[in-house]
Amino acid sequence: MKDFSTRVAAITGAGSGIGRALAVELAASGCNLALSDIDADGLAGTAELVADRKLAVTTDVVDVADRTAMQAWADDTAEAHGAVHLVVNNAGVALAGTVEDTPMEDYDWILGINLWGVIHGTKMFMPHLRAAEEGHIVNISSVFGLFAQPSQSAYNATKFAVRGFTEALRQELDMDGGNVSCTCVHPGGIDTNIARNARLDKSLADVMPGDQEDVREGFQKALHVSPEVAARRILKGVRRNARRVLIGPEAYAVDAMQRVLPTAYQRLVPLSTKLL
Ligand SMILES: NC(=O)c1ccc[n+]([C@@H]2O[C@H](COP(=O)([O-])OP(=O)(O)OC[C@H]3O[C@@H](n4cnc5c(N)ncnc54)[C@H](O)[C@@H]3O)[C@@H](O)[C@H]2O)c1
């Protein structure tokens, strides 16, 4: 997809961060928007930012983990806009906790959003993308889909899974030679609300210095790249039909580390990591 003008893009998690920046960037390119988020206020804020563009913009409060709601959103979007060309499965949450300390409910929560949300968005929009003259799926993984770190088992599990799912999908789409393609995105630290909204497992907070707010602020300080830069990088990747998009210096460093030290990195990371 080389040009977003007059196209229709559906974005999950559009009420904040990377999703919001993508909406603004796509609107500037003349792209019509179907925006969703579980957070109605955030969604309304994004809608306001793109309101004066005279584009068709729909907003829907949707929980990406809810299969029925996602099916309804995909079908309603196609009906309301007449077509869907680009889907960005962006909604995501973070969680820090050791494997032993993380409750099963927290694994269910993050898998529901970060993995099932991506599978729902991909499968439920696929017939609509096939029906359009061209279609593209963007699935947001992370640097944590390239390497693992202590305290990130849950987030790692979801982001490695998104990468595997998307790389398999890309090969299927290449083989079938049709009108749909996909890209897997691995951002490093992007300055969004992800750390502020993260779950920190209580017992983990006990082993970390400072209270939960200090820990969140510590996370937040590690996020340097603006969401606007991330959005532009993602859309450049779509235009180039890239298989993988890396964003920020950490992503390139992690990618290099994985190539050079595919397993030995596991001895190095704990040396430089407290249990986050
Ligand atoms: N910020 C980073 O450093 C970073 C790095 C790597 C990957 N990512 C990924 O980027 C994506 C976007 O995150 P962000 O950094 O913009 O964070 P963010 O917290 O600013 O935005 C995430 C959005 O997802 C929404 N959301 C949460 N749960 C939802 C649900 N169940 N259904 C629908 N929407 C839901 C939130 O309301 C929020 O608007 C996520 O998948 C995240 O894992 C972020």
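See the structure printed just above.
The notes below deal with the structure included here.

Analysis parameters
Residues numbered from 1 in each chain as written. Predicted model: local features only at pLDDT ≥ 70, side-chain atom pairs only at ≥ 80, totals over all residues. Heavy atoms only, no water. Phe/Tyr/Trp six-rings, centres within 6.5 Å; stacked < 30°, edge-to-face > 60°. Helix = DSSP H or I, 4+ residues; strand = E, 2+ residues; numbered from the N terminus. Buried < 20%, exposed > 50% of the residue type's maximum accessible area, 1.4 Å probe, protein only. Lys NZ or Arg CZ within 6 Å of the ring centre and 35° of its normal. Contact = heavy atoms within 4.5 Å. Near = heavy atom within 4 Å. Polar contact = N/O pair within 3.5 Å; in protein donor to acceptor, adjacent residues only side chain to side chain. Areas by Shrake-Rupley, 256 points an atom, 1.4 Å probe, with all protein chains shown as cover. 1 Å grid on protein atoms, 1.4 Å probe; cavity = no way out; pocket = protein on both sides within 12 Å on 5 of 7 lines; lining within 4 Å. Sits in = over half its atoms within 2 Å of the grid points. Nonpolar A, V, L, I, M, F, W, Y, C, P; charged D, E, K, R; others polar. Points joined across faces, edges and corners; volume = space filled by probe spheres on them.

1. Some thoughts on the packing of aromatic side chains
Next up, step 1: In the structure shown here, the tally under the stated rule is four aromatic pairs.
Next up, step 2: The interplanar angle of 85 degrees and the centroid separation of 5.1 Å between the aromatic rings of tryptophan 73 and phenylalanine 125 together place this pair among those described as edge-to-face. Pair noted here: tryptophan 73 is in helix H3 (residues 67-81) and phenylalanine 125 is in helix H4 (residues 104-131), with a separation of 52 residues, a long-range link.
Next up, step 3: Its relative accessible area of 1% is what places phenylalanine 125 among the buried residues.
Next up, step 4: Ring pairs connect the aromatic residues Phe144, Phe147, Tyr155 and Tyr265, which therefore count as one cluster.
Next up, step 5: One residue, arginine 67, lies across the ring of tryptophan 116, its end atom 4.7 Å from the ring centre.
Next up, step 6: Stacked on the ring of tryptophan 109, the Lys or Arg arginine 199 has its end atom at 3.8 Å from the ring centre.

2. As for the environment of leucine 55
Next up, step 1: Checked against the element boundaries, leucine 55 lands in the loop between helix H2 (40-49) and strand E3 (57-61).
Next up, step 2: Distance in space between the C-alpha atoms of leucine 55 and valine 180 is 24 Å, their sequence separation being 125 residues.
Next up, step 3: Sequence-distant contacts of leucine 55, that is, excluding residues within four places in its chain, are made with Ala27, Gly30, Cys31 and Asn32.

3. Some remarks on the site of the ligand
Next up, step 1: Within the structure, the ligand sits among 30 residues, and Ser16, Asp37, Tyr155, Ile190 and Thr192 are positioned closest to it.
Next up, step 2: At a separation of 2.6 Å, an oxygen atom of the ligand approaches a polar side-chain atom of aspartate 37.
Next up, step 3: Between an oxygen atom of the ligand and a main-chain N or O atom of isoleucine 190, the distance comes to 2.7 Å.
Next up, step 4: Taking 830 Å² as the accessible area of the ligand by itself, protein coverage stands at 94%.
Next up, step 5: Its atoms largely coinciding with the cavity grid, the ligand occupies the largest pocket.
Next up, step 6: Put simply, the parts of the chain that give the shell around the ligand at least two residues each are helix H1 (17-28) and helix H5 (153-176).
Next up, step 7: Residue classes in the shell around the ligand are distributed as 13 nonpolar, 13 polar and four charged.

4. Examining the layout of surface pockets
Next up, step 1: What the largest pocket holds in volume is close to 1,200 Å³.
Next up, step 2: Around the largest pocket sit 49 residues that line it, and Ala94, Tyr155, Thr192, Ile194 and Ala195 are the ones nearest its centre.
Next up, step 3: The leading source of residues in the lining of the largest pocket is helix H9 (residues 249-260), at four residues.
Next up, step 4: A breakdown of the residues in the lining of the largest pocket according to their chemical character gives 28 nonpolar, 16 polar and five charged.

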